[in-house]
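# Observations on chain architecture
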Amino acid sequence: MNLTINVNGTAHNIDVEADMPLLWVLRDVLGMTGTKFGCGAALCGACTVHLDGAAIRSCVMPVGNIAGRAITTIEAIGSTPQGQAVQRAWLELEVVQCGYCQSGQIMAAAALLASRPDPDDHDIDAAMSGNVCRCGTYQRIRSAIHHAAGSRRP
Amino acid sequence: MKSSAILGRREFLKDAAAIGGGLILTIAIPPAMRPSLAASAAPYFAPNAFIRVDPEGIVTLMMPMAEMGQGVHTALAMLLAEELEVPLEQVKLEQAPSDDSLYANPILHVQSTGASTSIRAFWTPLRQAGAVARHLLLTAAAKRWDVTPDSCLAKRGVVIHISSSRQLRFSDLVHAAAALPVPSLDSVPLKHPSQFTLIGTSARRLDTPDKVVGRAQFGIDMKLPGMAIAAVAISPAFGGRLKSLNEAAALAVSGVRQIVRLDNAVAAVANDTWAAKKALAAAAIQWDDGPNGQVSTAQIIRQLEEASARPGAVARHDGDPDRAMASAAQVVEAVYQIPFLAHAAMEPMNCTVHMQKDSCDIWVGTQVPTLTQVQVAELTGLPKRAVRVHNQYLGGGFGRRLEPDGNLLAARIARHVDGPVKVVWSREEDIQHDMYRPCYLDRMSAALDVHGNPVAWKHRLCGSSVYSRYHPNLIKNGIDPDAVAGAAQPPYELTNIHVEFVRVEPPGIPTSLWRGVGPTHNIFVVESFIDELAHAAKRDPVEYRKSLLTRNPRALGVLMLAAKQADWGRPLPARWGRGVALQFAYGSFAAQVVEAEVGVDGRVRVHRIVCAIDCGMIVNPNTIAAQMEGGALFGLTAALYGEITLKKGRVVQSNFNDYRPMRMNEAPIVETHVVQSSEPPGGVGEVATATVSPAVANAVFAATGKRIRRLPIKTLDAISKS
């Protein structure tokens, strides 16, 4: 079916099945491969994007459900103040190892900071425990979120 | 202490072999170091196959190793940049083509990134490559100024004539340097480590900027004009065959291009992943399970138990352990057992192939590009040079991508497809068709004298030999050097010792490399058992180990450093405990102290892991810390949760719900303390993974008095302090 979806401020007209998860629309139809496939079942968070500013798992979100709403991906999160602070903190604290899960981690962290500008460890656990990293970068992610929050404190 | 900069090649070889930690290491000079014959005719300066300097001054390193998170692209570039005297940011990386004749890992003799060897393998060659290039650029400048080379120096991409302060950029010297004869490698001296300005610093990783904005290209991100995407289903029982499928129903799914039938797999080829997945589901595939349809884990463990009654191939025999055992004050015996493990890298298995009449292009993130090339050439009958492997970033490797099986499967599918096809496995296929870290069963016995000191040590380990399939040329007298790594040479003084290996290949499940096989197995057993001996001797676990290390100063050094940093001996709350473990593997010494809490429900929660590592000379301390953090969590995940089981020939686990990764709310803090050393470098990638399972098991014992002899810990009954 024909749909219009809004990704990173750009409207895209696409012709896909309404049940196709947003992840495959982004990766296979629009060619935006920054958002990653990890499990296909909302178990790992590698596919995290923002829907109207909130973190969602794009691998289980049928594209037909979200037509017209604002989708933000890793390719554009740097243009939000939270996304920029998170990406900068990720670089400063050298968080990344293989990097495959980090698009999703950054999207989850940016959504967290948008809703809680100065999260404590409990907030971080609650927001980030759905995002798996097999390289084991968790303690650096935690530090980097605090670092990003600190850099945005007045 | 000797430094490797002033070591001759022969001596370095000998030292490198001695630091192998059980593995047989010989380092050859990579052929890429041979002077490039075409150098003078080229439009750029390329004194060997690793380096190219173009007239714009861009230095390109032809990167022989794969980046899978371990930071090797940055670390190897640092080795080159240090000697070449260029800023690290000025080094551009290009993945070297698949070519063992130029880019083989000098330890593994094939272009393979594994066994924590990259720094050890390229420590000397890449510094020499940089030094030779610098020498030629400097010589070219000196000629132009008509001065002697030793009156000039190179710094930050510029040659300076010291007394006159005249300067020439490397870019100005490309053609002149290219015309000079390339000197022999050992005629150009390397820097003394005291002169290093880059090696030893926490230089920023070169791959990170692209990875935080979603721009880094992993294998799974391939896009090619006309490319199809394939979902794949492999026979659920290993060795099974395709029986039937409903092809019409599969082809009726919108967006599906074709169904490819192989003897053991089916691929749905479509415009997008979603259509491909739906088509596979619609195909209602029926399988013939073949010979392994009834295999179960229980059967495999029974087989190991039976095998453990037999003597094995002798990996080590010193003194007379049987005699010492007969006259001992006390004998301690224990049986340990560890499970199969999957890799579950975050990037599911995938491979893109464009098969054409006279060539085959393969885009994949792999640890073994040339092995892939060879196997696809054999499959297709194409000459090796017509099979081109374009290596991409790996979304985790952990040894899974040391196997070319997924690449070969993609090539088999691509033979039936017109145009390029990207084959992507589901997470379920990835976990259920992994090649697994073997399960093992170990029988230990030791004799103690009246002071509790071990006077005899016997270790019989039973299980799969991965190297018998993977590196058969390394098997000597029935001994797989990797399978016995960590067992044959414990760091302790054990004068009467017998270590033997009973090889048992499990039916119906493929075994392979992991983030350490021998070490993740044997160090769990050895370090748990030495803890049992300390307890039997009524002695402190650190003091007991220390008393057996009087002739092993580097091992003693890391043990005492970890104990000190972890506040060993300071009281802890009830149901908390500290556990220690020590190892020598991958050419590095490491110790860990784990602080764990056991809940009344038996749940183990690790709060803190203190790592001490002596990996010889340090290339990038921040990367070492990152590898200790990540390696420890990888090992802890396995120790607490990791287990692959078989039922009716099928892997039971399927996704992250039942093959649990550690998550942020469960992750401890990992602290790393690196010993300053001038010894040749050791490996770091797999080090922390092996030490953690015994350290956590020993911590659980300290907290509860309950000894863990079987992993993962979750499979034990609830542990609670009575």
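Small disclaimer: the values here were computed from a predicted structure and weren't measured. (Residues numbered from 1 in each chain as written. Chains lettered and ligands numbered in written order. Predicted model: local features only at pLDDT ≥ 70, side-chain atom pairs only at ≥ 80, totals over all residues.)

### A short note on the overall build of chain A
The helix and strand tally for chain A stands at five helices and five strands. Listed by position from the N terminus, the elements making up chain A come as β-β-α-β-β-β-α-α-α-α. For chain A, whose C-alpha radius of gyration is 15 Å, the value lies close to the compact-globule estimate of 15 Å for 154 residues. In terms of overall dimensions, chain A has C-alpha extents of about 45 × 35 × 25 Å along its principal axes. Relative to its full complement of 154 residues, chain A shows a buried share of 56%. In chain A, of all internal contacts separated by at least 6 residues, the share reaching a separation of at least 24 is 63%. (Helix = DSSP H or I, 4+ residues; strand = E, 2+ residues; numbered from the N terminus. Rg over C-alpha atoms; globule rule 2.2 N^0.38 Å. Buried ≥ 20, exposed ≤ 12 C-beta atoms within 10 Å, placed from the backbone. Contact = placed C-beta atoms within 7 Å.)

### Notes on the domain arrangement of chain B
How big an interface is tends to be stated in terms of accessible area lost as the parts join. Residues and elements named next belong to chain B. Domains assigned within chain B are domain 1 (4–210), domain 2 (219–290 + 349–424) and domain 3 (297–340 + 436–715). Every contact between the two is made by twelve residues of domain 1 and, on the other side, 16 residues of domain 2. Split by residue class, the side of domain 1 that touches domain 2 holds three nonpolar, seven polar and two charged. (Domains from an automatic or database assignment. Nonpolar A, V, L, I, M, F, W, Y, C, P; charged D, E, K, R; others polar.)

### Quick word on the domain arrangement of chain A
Residue and element names in this part refer to chain A. Here chain A is partitioned into domain 1 (2–72) and domain 2 (77–151). A C-alpha centroid distance of 21 Å is found between domain 1 and domain 2. Across the boundary between the two partners, domain 1 contributes 15 residues, which contact twelve residues of domain 2. Those elements that place two or more of their residues in the side of domain 1 that touches domain 2 are strand S3 (48–51) and strand S4 (54–57). Here the side of domain 1 that touches domain 2 gets three residues from one element, more than from any other, and that element is S3. Each residue belonging to the side of domain 1 that touches domain 2 can be placed in one class, and the counts come to six nonpolar, eight polar and one charged.

### Here we look at the sheet that holds strand S18 (residues 440–448) of chain B
All names here are of chain B. Ordered by their spatial adjacency, five strands build an open sheet running S12-S20-S19-S18-S13, and the pairing between neighbours is mixed. The open sheet terminates on both sides in strands that have one partner only, identified here as strand S12 (313–318) and strand S13 (330–338). Averaged over all pairs of adjacent strands, the angle between strand axes in this sheet comes to 10 degrees, irrespective of strand direction. Pairing geometry for strand S19 (residues 454–463) and strand S20 (residues 497–503), over seven bridges, is parallel. Across the sheet, Leu461 pairs through a bridge with Phe501, a residue of S20. (Pairing = 2+ DSSP bridges. Axes fitted to C-alpha atoms, helices over the stretch in contact; angles between N-to-C directions.)

### Concerning the interface of chain B and chain A
The interface is formed by 48 residues belonging to chain B together with 44 residues belonging to chain A. Elements with a minimum of two residues in the side of chain B that touches chain A: helix H6 (208–211), helix H8 (273–282), helix H18 (621–640) and strand S26 (669–674) of chain B. If you tally residues by element for the side of chain B that touches chain A, the top one is H18 of chain B, at six residues. Taken together, the residues of the side of chain B that touches chain A sort by class into 23 nonpolar, 13 polar and twelve charged.

### Re the environment of Leu636 of chain B
Residues and elements named next belong to chain B. Tracing the sequence through the fold places Leu636 in helix H18. Given 29 C-beta atoms within 10 Å, Leu636 falls into the buried group. As a C-alpha pair, Leu636 and Pro694 span 58 residues in sequence and 9.8 Å in three-dimensional space.

### What to know about the confidence of the model for chain B
Residues and elements named next belong to chain B. The share of residues in chain B with pLDDT of 70 or more is 94%, and the mean pLDDT across the chain is 93. This stretch, residues 1–25, has a pLDDT under 50; its non-local contacts, to residues over four places away or in other chains, come to 49 contacts. Taken together, the chains of this predicted complex give a pTM of 0.95 and an interface ipTM of 0.98. (pLDDT = per-residue confidence, 0-100.)

### Remarks on the pairing of strand S2 (residues 59–63) of chain B
Residue and element names in this part refer to chain B. Among the five residues of S2, four are classified as buried, and the element is accordingly described as predominantly covered. Bridging between strand S1 (residues 51–53) and S2 involves three bridges; their strand directions are antiparallel. Note that in S2 the partner of Arg52 across the bridge is Thr60. Here S1 folds back onto S2, and the loop between the two strands holds five residues, one of which, Gly57, carries a positive phi near 85 degrees. Here S2 runs beside strand S3 (residues 91–95); their pairing, made up of five bridges, is parallel. Considered in S3, the bridge of Leu61 is made with Leu93. A crossover links S2 with its parallel partner S3, the connecting element being helix H2 (residues 72–84), and its sense is right-handed. (Right-handed = clockwise from strand over helix to strand, strands pointing away.)

### Brief notes about the pairing of strand S16 (residues 387–391) of chain B
Regular strands place side chains that alternate from one sheet face to the opposite one. Residues and elements named next belong to chain B. Going residue by residue along S16, you find Val387, Val389 and Asn391 tucked away on one face and Arg388 and His390 left uncovered on the opposite face. Pairing analysis gives five bridges linking strand S15 (residues 360–364) to S16, with the strands arranged parallel. When the sheet's bridge partners are listed, Trp363 is paired in S16 with His390.

### Some thoughts on the environment of Ser254 of chain B
Locating Ser254 of chain B in the fold gives a position in the loop between helix H7 (247–251) and strand S9 (256–261). Here Ser254 of chain B falls in the exposed class, since 12 other C-beta atoms lie within 10 Å of it. Taking the C-alpha atoms as reference, Ser254 of chain B lies 27 Å from Arg241 of chain B; in sequence the two are 13 residues apart. Leaving out residues up to four positions away in the same chain, Ser254 of chain B has contacts with Glu17 of chain A together with Ala275 of chain B.

### Here we look at the nonpolar core
All names here are of chain B. Core analysis: the biggest nonpolar cluster contains 300 residues, and Ala230, Ala268, Ala279 and Ala562 have the highest contact counts within it. If one sorts the elements of this core by residue count, helix H4 (residues 118–145) sits on top with 14 residues. Ignoring any residue separated from it by four or fewer positions in sequence, one finds Ala230 in contact with Ala267, Ala268, Val269, Ala276, Ile413, Val421, Lys422 and Val423. (Core = buried A, V, L, I, M, F, W, Y, C linked by C-beta atoms within 7 Å.)

### Focus on the packing of helix H2 (residues 81–92) of chain A against helix H3 (residues 102–115) of chain A
Residues and elements named next belong to chain A. For the pair H2 and H3, interaxial distance at closest approach is 9 Å and the crossing angle is 130 degrees. As far as their axial angle goes, H3 and H2 are oblique. Considering only the axes of H2 and H3, their crossing is right-handed. In this structure, H2 contributes Gln82, Gly83, Ala85, Val86, Gln87 and Trp90 to the contact, and H3 contributes Ile106, Ala109, Ala110, Leu113 and Ala114. Class assignment of the residues belonging to the contact of H2 with H3 gives a composition of eight nonpolar, three polar and no charged. (Parallel < 35°, antiparallel > 145°, perpendicular 65-115°, else oblique. Left-handed = near helix turned anticlockwise from the far one by under 90°.)

### Looking at the sheet that holds strand S7 (residues 228–234) of chain B
Residue and element names in this part refer to chain B. Read from one edge to the other, the open sheet built from seven strands follows the order S9-S10-S7-S17-S14-S15-S16, with strand pairing classed as mixed. The sheet is open, and its two borders are formed by S9 and S16, each paired with just one other strand. Adjacent strand axes in the sheet meet at a mean angle of 20 degrees, parallel and antiparallel pairs treated alike. Of the strands in this sheet, S15 and S16 are in contact with helix H11 (residues 369–380), which crosses S16 at around 150 degrees.

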